[in-house]
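An overview of the molecular structure
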Amino acid sequence: MPLNRDDAINTVNVLSQALPYLQRFVGKTIVVKYGGNAMIDDELKNSFARDMVMLKLIGINPIVVHGGGPQIGELLNKLNIESHFVNGMRVTTSETMDVVEMVLGGLVNKDIVNLINQNGGNAIGLTGKDGQLLHARKLHVTKATPDLEKPEIIDIGHVGEVASINTKVLDMLNDSDFIPVIAPIGVDSEGHSYNINADLVAGKVAEVLKAEKLILLTNIAGLMDKQGNILTGLTTQQVDDLIADGTIYGGMLPKIQCALDAVHAGVTSAHIIDGRVAHSTLLELFTDEGVGTLITNRKG
């Protein structure tokens, strides 16, 4: 259906208002962690794919890192493999790791790649094994115990952390028309596979590439104060203060720490945005209002 005159004028105005942002970000790299509702709602999935295609077309380099916890849990249930968690992390046996690789590196990754391609983009799916992209090491989890002087070390299996990233692979794709879509599976020097938290992978990718932005899609509207108001335009010092006074706590702490680490390491800004809003990435990038919380490396 053709636009009427008012709609056409509104479209032109929106594009004109976005021009300063377009000029600022052209040629820059933006790392997006994709998960939550945005990954399971069909309308949101398509809006996300279109956002990534548009960014690449206008000269911005998006890199997508995705999760897939619910999908992993669903297949484990179907296979009658029980899930156990320690400090919010899935205990990953060799049997569970096989399922993680099938779901993340296969089903979920290729679904995202296909969505981007169907919307006119050129996406390539990767795991840490491709081009030795993600070198991992085993993650050691400790738990304080009142009866012991030293914390107890808990083995949670094939759960890892990022040791290093082969930036040559990503540089090559950034210099082309392709959009990298990364499943957070790492490999160590002995060839063992590890399941790595997608937020951590996205943060480390943003750090080593000195990305302009790290965007973490979530199922909340952003960081909120104790009265329920969304906080944005925060400095790293202000975030530290919010952690200290208990405003930021619990499950949000690892995500916030990932954002802080990226900004401290040279990423210009980190964004925790509402993935339940259609085209949330574009709204955060190209409007003054945005749809979440912005954390910058400004002093103060």
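Reading guide: rules and limits
- Residues numbered from 1 in each chain as written.
- Predicted model: local features only at pLDDT ≥ 70, side-chain atom pairs only at ≥ 80, totals over all residues.
- Heavy atoms only, no water.
- UniProt positions renumbered as here; feature names shortened; annotations may be inferred.
- Buried < 20%, exposed > 50% of the residue type's maximum accessible area, 1.4 Å probe, protein only.
- Helix = DSSP H or I, 4+ residues; strand = E, 2+ residues; numbered from the N terminus.
- Pairing = 2+ DSSP bridges.
- Salt bridge = Lys/Arg side-chain N within 4 Å of Asp/Glu carboxyl O.
- Axes fitted to C-alpha atoms, helices over the stretch in contact; angles between N-to-C directions.
- Left-handed = near helix turned anticlockwise from the far one by under 90°.
- Contact = heavy atoms within 4.5 Å.
- Nonpolar A, V, L, I, M, F, W, Y, C, P; charged D, E, K, R; others polar.
- Polar contact = N/O pair within 3.5 Å; in protein donor to acceptor, adjacent residues only side chain to side chain.

Under an unreviewed UniProt entry, the protein has the name Acetylglutamate kinase and belongs to Oceanobacter antarcticus. Here is the UniProt Catalytic activity (unreviewed entry) comment for the protein, exactly as written: "N-acetyl-L-glutamate + ATP = N-acetyl-L-glutamyl 5-phosphate + ADP". For the protein, the Sequence similarities (unreviewed entry) comment in UniProt is given as "Belongs to the acetylglutamate kinase family. ArgB subfamily."

1. Focus: the pairing of strand β13 (residues 213-218)
A regular strand places its side chains on the two faces of the sheet in alternate fashion. Burial analysis of β13 places six of its six residues in the buried class, which makes it a mostly covered element. Here strand β1 (residues 29-34) runs beside β13; their pairing, made up of four bridges, is parallel. Its bridge partner being in β13, Ile30 is matched across the sheet by Lys213. Pairing of β13 with strand β15 (residues 269-274), which is carried by six bridges, proceeds in the parallel orientation.

2. Describing the pattern of salt bridges
For the structure shown, the criterion picks out 10 salt bridges. Linking Lys33 and Asp199 is a salt bridge whose minimum nitrogen-to-oxygen distance equals 3.2 Å. Placement of Lys33 in strand β1 and of Asp199 in helix α6 (residues 198-208) is noted, with a sequence separation of 166 residues between them. Like Lys33, the residue Asp199 is buried in the burial classification. Among the charged side chains, a salt-bridge network with shared partners connects Lys33, Asp199 and Lys255.

3. What about the packing of helix α2 (residues 42-57) against helix α4 (residues 94-118)?
Between α2 and α4, whose axes approach to 8 Å, the crossing angle comes to 65 degrees. Considering how the two elements wind past one another, α2 and α4 form a crossing that is right-handed. Across from Lys45, Asn46, Ala49, Met52 and Val53 in α2, the residues of α4 making contact are Asp111, Leu115 and Ile116. Its residues assigned to classes, the contact of α2 with α4 comprises five nonpolar, one polar and two charged.

4. Some thoughts on the UniProt feature "site: Transition state stabilizer" (unreviewed entry) in the protein
As recorded in UniProt, the sites labelled "site: Transition state stabilizer" (unreviewed entry) are Lys33 and Lys255. Spanning 223 residues, the named residues form one tight spatial group whose C-alpha atoms are at most 10.8 Å apart. For Lys33, a relative accessible area of 10% gives the class buried. Contacts of Lys33, omitting those with residues within four sequence positions, involve Val65, Gly67, Ala198, Asp199, Ala202, Ile215, Leu216, Leu217 and Lys255. Within the structure, the side chain of Lys33 is placed 3.2 Å from the side chain of Asp199, a separation counted as a polar contact. Along the polypeptide, Lys255 turns up in helix α8 (residues 252-264).

5. Description of the UniProt feature "binding site: substrate" (unreviewed entry) in the protein
UniProt's feature table lists "binding site: substrate" (unreviewed entry) at Gly68, Gly69, Arg90 and Asn195, given in the numbering used throughout. For this annotated set, covering 128 residues, all C-alpha atoms fall within 12.1 Å of each other, a compact arrangement in space. Residue class for Gly69 comes out partly exposed when judged on its relative accessible area of 32%. Mapped onto the elements of the fold, Asn195 is located in strand β12 (residues 193-195). Once residues lying within four places of it in the same chain are set aside, the contact partners of Asn195 are Thr92, Met97, Val100, Leu104, His158, Val159, Gly160 and Pro184.

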